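# An overview of the molecular structure
What follows is the residue order along each chain.
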Amino acid sequence: MTAATHSSLFPQVPASADAVLDGLDPEQREVATALSGPVCVLAGAGTGKTRAITHRIAYGVRSGVLQPASVLAVTFTNRAAGEMRGRLRQLGAGGVQARTFHSAALRQLQYFWPKAVGGELPRLVERKIQVVAEAAARCRIRLDRNELRDVTAEIEWAKVTQTVPEDYPAAAAKAGREVPRDPAETARVYGMYEQLKRDRGVIDFEDVLLLTVGVLQDRHDIAETVRRQYQHFVVDEYQDVSPLQQRLLELWLGDRDSLCVVGDASQTIYSFTGATPDHLLNFRTRHPRATVIRLVRDYRSTPQVVHLANGLLTQARGRAAEHRLELISQRPPGPEPRYAEFADEPAEAEGTARRIRELLDSGVPASEIAVLYRINAQSEVYEQALADAGVPYQLRGAERFFERPEVREAGLLLRGAARAGSHTDPQLADADDLPSQVRAVLGTRGWTPEPPAGSGAVRDRWESLAALVRLAEDFARARPQAGLADLVAELDERASAQHAPTVEGVTLASLHAAKGLEWDAVFLVGLTEGMLPITYAKTDEQIEEERRLLYVGVTRARLHLTLSWALSRTPGGRPSRRPSRFLNGLRPGSAAPRPGSAAAAAAQGGIERGDRRRRRGPARCRVCGRTLTDAGEIKLMRCEDCPSELDEALYERLRDWRAEQARQLGQPAFCIFTDKTLLAIAEAVPGTEAELVCISGVGGRKLDRFGAEVLALCAGAEPTSQNSPEK
Ligand code: ATP
Ligand code: MG
């Protein structure tokens, strides 16, 4: 999805240090060759900041000025760090450490803990929010789900700004924070939370940085050892450094000055966590000898995308905006950004999926397409729509499959069962084929043939186990002779290659998680007042951060950019929403800066009426008649907890049939039909095409393709399978 992935198809290591500089413009070269003293690169999105620092490290290593092991490159996410390591290898500079602040700190802490404190480093707490909930309960403070999330965020903020519980109320007031609860209550919960962690001997994410800072501050001998190891520091996305990360960086650096930072104040999007662009913008004050370099050429996006990005920045206000840098596109012209208005959210998701299909059909690879939204909860309706359209997708920001605790645990159990063999393991006594053996083993850990009701952690866990069961089924079909031990070997191999049992697809990600990335085609969805800016952004500063978030989104696109919104949340709902104010004066027909009416804009042309769907009344539960708002429930046509009249045998046959289709077409099963759609079919048992197509998730395309077979299954036929030709 990024340039790195593009060029890594045929990596060619540059022949010399000087060859590393080929392909850099004069200013980027200046960055790459400024190998001593403090360096600060201030530049807009897509101008090659990340590329320039990667080449700088490679040039330093290849020219012998920098020892690979003495360089620590700090990036914002593990993924970015992984990508940087890959790029460095391609440039002939493997062996350089590229990490996040967190992972670099964790590594040092693990190494020095026995010496600094004794014993092993305490375990990292897995579900922080649960501990916060417990702490609140002990303080006799009732928090609903949203408050719990907000109070947790406050605790995180307090920790990265190194604020102790007693000081939180004053610090929050001073920082002008919009506090979710009485600050004195939050301070009590925070204090109790810290107490609970101490009692249980666990630490949290923020503690990793706090403890590392503590050790480096108190133990000069350890600080010296770390400083002997790392002599040169490079930090990407420096506009989002938190005070705690900055402190850690200073401790790493000591009294030396080999520090290169790059950033773009207009992309500051983590202020809410305590991050601030001040360190970037004041770099010269702190390091008077610093070389400051500006890059203005945008290599990523077309003039059309860049024009919109510049337009957004023109409207920006505040400190970061004073430092905005007008971008100049270096690419040939491309299509104008599209603006699409829809009646409701499912229609917006379907419209997006349809457009993605068109792009795929025109040859844009799925991995070059992204759908970006403001909050993760928006993903569900897009997951459904893409699955219904047969488009593979992946969620960014979700934990890697093989790293999830339940998957690791399942792996251990399967290994144990493989070792014990079916003769000695009573669980396996009745299971005569590999999939049944796997089902039997995972059944002891929460796998059931039916998904549990509702969503949340239990459902997530079930989904992971179900994915393993499906993987075992696919594996057994491909290798009928294989046993449990072969499957375990296969899982190991996939885990080390990090192939989750899904295919590379369209990326679904939050705007925050999209930072630093790029795609050929980007869909910015849900752009309504209330979502962007999000309702809880109230102060001018918070609103500006929301605008920057949109700027980050827009500048992720190389070529195709679509911005869309829906006038109501649910089908048939009141069209009370308005498109984001940030688009005023930018989208065709809208007035700047006063909010314009979306309908008027559409009437003036320029905006696509993306909604070609027949207007239906509100979706209602077919059991109790309640109006449905949840996308999954709309699909089922009933409330999650209303009784289901499921034909279980039919559901099983449909799943078997789907697995076989998936195998034959080489697609993941959810691309044929999602579990929800199969459930809805097994509940409705349609007898005709007309009845079948009424089920959400069965569009015209799917009806043509699979309709006859699905109706045959509903009429009682058995699924055909190559492994069972007798059927
Ligand atoms: P962001 O602010 O979003 O992090 P960035 O400034 O780090 O962006 P990069 O990701 O380094 O920008 O580069 C953007 C794109 O432009 C990449 O695909 C990169 O390979 C390409 N690019 C950068 N510099 C050049 C150049 N001199 N010639 C050709 N392509 C370039
Ligand atoms: Mg970058």
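Residues numbered from 1 in each chain as written. Chains lettered and ligands numbered in written order. Predicted model: local features only at pLDDT ≥ 70, side-chain atom pairs only at ≥ 80, totals over all residues. Heavy atoms only, no water.

### Things to note about the overall build of the protein
Summing up its helical and strand segments, the protein has 30 helices and 17 strands in all. Put simply, the protein has 727 residues, and 54% of those count as buried. Long-range pairs, those at least 24 residues apart, make up 75% of the contacts in the protein with a sequence separation of at least 6. Working note: accessible area of the protein is about 32,400 Å², and carbon and sulfur atoms make up 50% of it. (Helix = DSSP H or I, 4+ residues; strand = E, 2+ residues; numbered from the N terminus. Buried < 20%, exposed > 50% of the residue type's maximum accessible area, 1.4 Å probe, protein only. Contact = heavy atoms within 4.5 Å. Areas by Shrake-Rupley, 256 points an atom, 1.4 Å probe, with all protein chains shown as cover.)

### Details of the packing of helix 3 (residues 26-33) against helix 4 (residues 49-62)
Packing of helix 3 against helix 4 brings their axes to within 7 Å, and their N-to-C directions diverge by 45 degrees. Compared by their axis directions, helix 3 and helix 4 come out oblique. Considering the relative orientation of helix 3 and helix 4, their crossing is right-handed. Counting all contacts with helix 3, which are made through Gln28, Val31, Ala32 and Thr33, the residues of helix 4 involved are Ala52, His55, Arg56 and Tyr59. Tallied by class, residues from the contact of helix 3 with helix 4 come to four nonpolar, three polar and one charged. (Axes fitted to C-alpha atoms, helices over the stretch in contact; angles between N-to-C directions. Parallel < 35°, antiparallel > 145°, perpendicular 65-115°, else oblique. Left-handed = near helix turned anticlockwise from the far one by under 90°. Nonpolar A, V, L, I, M, F, W, Y, C, P; charged D, E, K, R; others polar.)

### Some details on a negative patch on the surface
A surface patch of negative charge is lined by Asp647, Glu648, Glu652, Asp656 and Glu718. Within the secondary structure, Glu652 sits in helix 27 (residues 648-665). On the basis of relative accessible area, Glu652 is assigned to the partly exposed category, the value being 37%. (Patch = residues over 30% accessible without salt bridge, like charges linked within 9 Å, V, L, I, M, F, W, Y side chains within 5 Å. Salt bridge = Lys/Arg side-chain N within 4 Å of Asp/Glu carboxyl O. Lys, Arg positive; Asp, Glu negative; His and termini not counted. Charge placed at Lys NZ, Arg CZ, Asp CG, Glu CD.)

### Some remarks on helix 16 (residues 303-314)
Taking 1.5 Å per residue, 12 residues should reach 16 Å; helix 16 reaches 16 Å between its end C-alpha atoms and fits that length. Counting buried positions along helix 16 yields nine of 12 residues, so the element is predominantly enclosed. Among the residues of helix 16, those classed as buried are Gln304, Val305, Val306, Leu308, Ala309, Asn310, Gly311, Leu312 and Leu313. Where helix 16 is buried, its residues contact strand 9 (297-298), strand 10 (328-329), strand 11 (338-344), helix 24 (540-554) and strand 16 (557-568). (Expected span 1.5 Å × (residues − 1).)

### Re the pattern of salt bridges
Working definition: two side chains of opposite charge can pair if their charged atoms are close together. Inspection of every chain in the model, using the stated rule, returns 42 salt bridges. The salt bridge partner of Lys197 is Asp204, with a shortest N-O separation of 3.7 Å. Neither Lys197 nor Asp204 differs from the other in exposure class; each is buried. Across the pair Glu518 and Arg300 runs a salt bridge, and its minimum N-O distance is 2.4 Å. With Glu518 in the loop between strand 14 (506-510) and strand 15 (519-524) and Arg300 in the loop between strand 9 and helix 16, the pair connects residues that are 218 residues apart, well separated along the chain. Arg300 shares its class with Glu518; the two are buried.

### Examining the site of ligand 1
For ligand 1, the set of nearby residues contains 19 residues, the closest of which are Lys49, Thr50, Gln267, Glu518 and Arg556. With respect to ligand 1, the side chain of Arg556 contributes an N or O atom lying 2.8 Å from an oxygen atom. Within the complex, the protein chains bury 85% of what would otherwise be the 630 Å² of accessible surface of ligand 1. Shared between two domains, the shell around ligand 1 takes at least three residues from each, and those domains are domain 1 (11-106 + 210-295) and domain 3 (325-400 + 502-592). (Near = heavy atom within 4 Å. Polar contact = N/O pair within 3.5 Å; in protein donor to acceptor, adjacent residues only side chain to side chain. Domains from an automatic or database assignment.)

### Re the confidence of the model for the protein
This prediction gives the protein a mean pLDDT of 84; 87% of its residues lie at or above 70. For the protein, the element scoring lowest by mean pLDDT is helix 25 (residues 598-603), at 37; strand 15 scores highest, at 98. Confidence over residues 1-10 falls short of pLDDT 50; this stretch has 25 contacts with residues more than four positions distant or in other chains. In the predicted structure, residues 722-727 sits below a pLDDT of 50 and forms six contacts with residues beyond four places in sequence or in another chain. (pLDDT = per-residue confidence, 0-100.)

### A short note on the state of the cysteines
In a disulfide, the sulfur atoms of two cysteines are held together by a covalent bond. Evaluated as defined, the whole model comprises zero disulfides. Here Cys40 stays free of any disulfide, with the sulfur of Cys260 as its closest cysteine sulfur at 8.3 Å. (Disulfide = S-S within 2.5 Å.)

### A closer look at the nonpolar core
The nonpolar side chains of soluble globular proteins are, as a tendency, buried together. Phe101 and Trp252 are the most contacted members of the largest nonpolar core, which has 41 residues in total. Among the elements that make up this core, the one with the highest residue count is helix 6 (residues 101-116) (seven residues). (Core = buried A, V, L, I, M, F, W, Y, C linked by side-chain atoms within 4.5 Å.)

### Let's talk about the sheet that holds strand 1 (residues 39-43)
Taken in spatial order, the six strands line up as 3-2-6-7-1-8 in an open sheet, and their pairing is parallel. Looking at which strands have only one partner, the edges of the open sheet turn out to be strand 3 (97-100) and strand 8 (291-295). Sheet twist, expressed as the mean angle between neighbouring strand axes with direction ignored, is 15 degrees. As defined by bridge partners, strand 2 (residues 71-75) adjoins strand 6 (residues 232-235) across four bridges and the pair is classed as parallel. From the neighbouring strand, Leu72 faces strand 6, where its bridge partner is Phe233. Packed on one face of the sheet, helix 3 meets strand 1 and strand 8 and runs near 150 degrees to strand 8. Most of the contacts of helix 4 go to strand 7 (residues 259-263), to which it runs at about 160 degrees, and overall it touches strand 1, strand 2, strand 6, strand 7 and strand 8. (Pairing = 2+ DSSP bridges.)

### Quick look at the environment of Ala418
Within the secondary structure, Ala418 sits in helix 20 (residues 405-424). Using a relative accessible area of 26% as the deciding quantity, one classes Ala418 as partly exposed. With sequence-adjacent residues up to four places away left out, Ala418 is seen in contact with Leu484, Ala485 and Val488.

### A word on the environment of Leu550
Secondary-structure assignment places Leu550 in helix 24. In this structure Leu550 comes out as buried when scored by relative accessible area, which is 1%. Residues Leu550 and Ile269, 281 residues apart in the sequence, show an inter-C-alpha distance of 9.8 Å.

### Re the packing of aromatic side chains
Per the stated rule, a full pass over the model turns up 10 aromatic pairs. Between Phe101 and Trp252, the ring centres sit 6.0 Å apart and the planes meet at 10 degrees, which makes this aromatic pair stacked. One end of the pair, Phe101, is in helix 6; the other, Trp252, is in helix 13 (residues 243-253), with 151 residues separating them in the sequence. Each member of the pair, Phe101 together with Trp252, is buried. Ring centres of Trp157 and Tyr168 lie 6.3 Å apart, and the angle between their planes is 75 degrees; on these two criteria the pair is classed as edge-to-face. Placement of Trp157 in helix 8 (residues 145-160) and of Tyr168 in helix 9 (residues 168-174) is noted, with a sequence separation of 11 residues between them. The exposure classification of Trp157 matches that of Tyr168, with both residues buried. An aromatic cluster is built from Phe76, Tyr270 and Phe272, whose rings are joined through pairwise contacts. (Phe/Tyr/Trp six-rings, centres within 6.5 Å; stacked < 30°, edge-to-face > 60°.)

### Examining the pairing of strand 14
Most of strand 14 sits inside the fold, with five of its five residues counted as buried. Neither face of strand 14 is open: one carries Val506, Leu508 and Ser510, the other Thr507 and Ala509, and all of them are buried. Summarising the sheet, strand 12 (residues 369-373) and strand 14 pair through four bridges and their orientation is parallel. Counterpart to Leu372 in the pairing with strand 14 is Ala509.

### A short note on the side chain of Arg300
We classify Arg300 as buried; its relative accessible area is 11%. Every residue in contact with Arg300, bar those within four places of it in the chain, is listed here: Ala45, Gly46, Arg331, Gly516, Leu517, Glu518, Thr555, Arg556, Ala557 and Arg558.

### A word on the packing of helix 7 (residues 128-138) against helix 10 (residues 183-200)
Between helix 7 and helix 10, the least distance of the axes is 8 Å, while the angle of their chain directions is 115 degrees. Of the two possible hands of crossing, helix 7 and helix 10 adopt the one that is right-handed. Packed against helix 7, whose contacting residues are Lys128, Val131, Val132, Glu134, Ala135, Ala136 and Arg138, the element helix 10 presents Val189, Met192, Tyr193, Leu196 and Arg200 at the interface. Residue classes in the contact of helix 7 with helix 10 are distributed as eight nonpolar, no polar and four charged.

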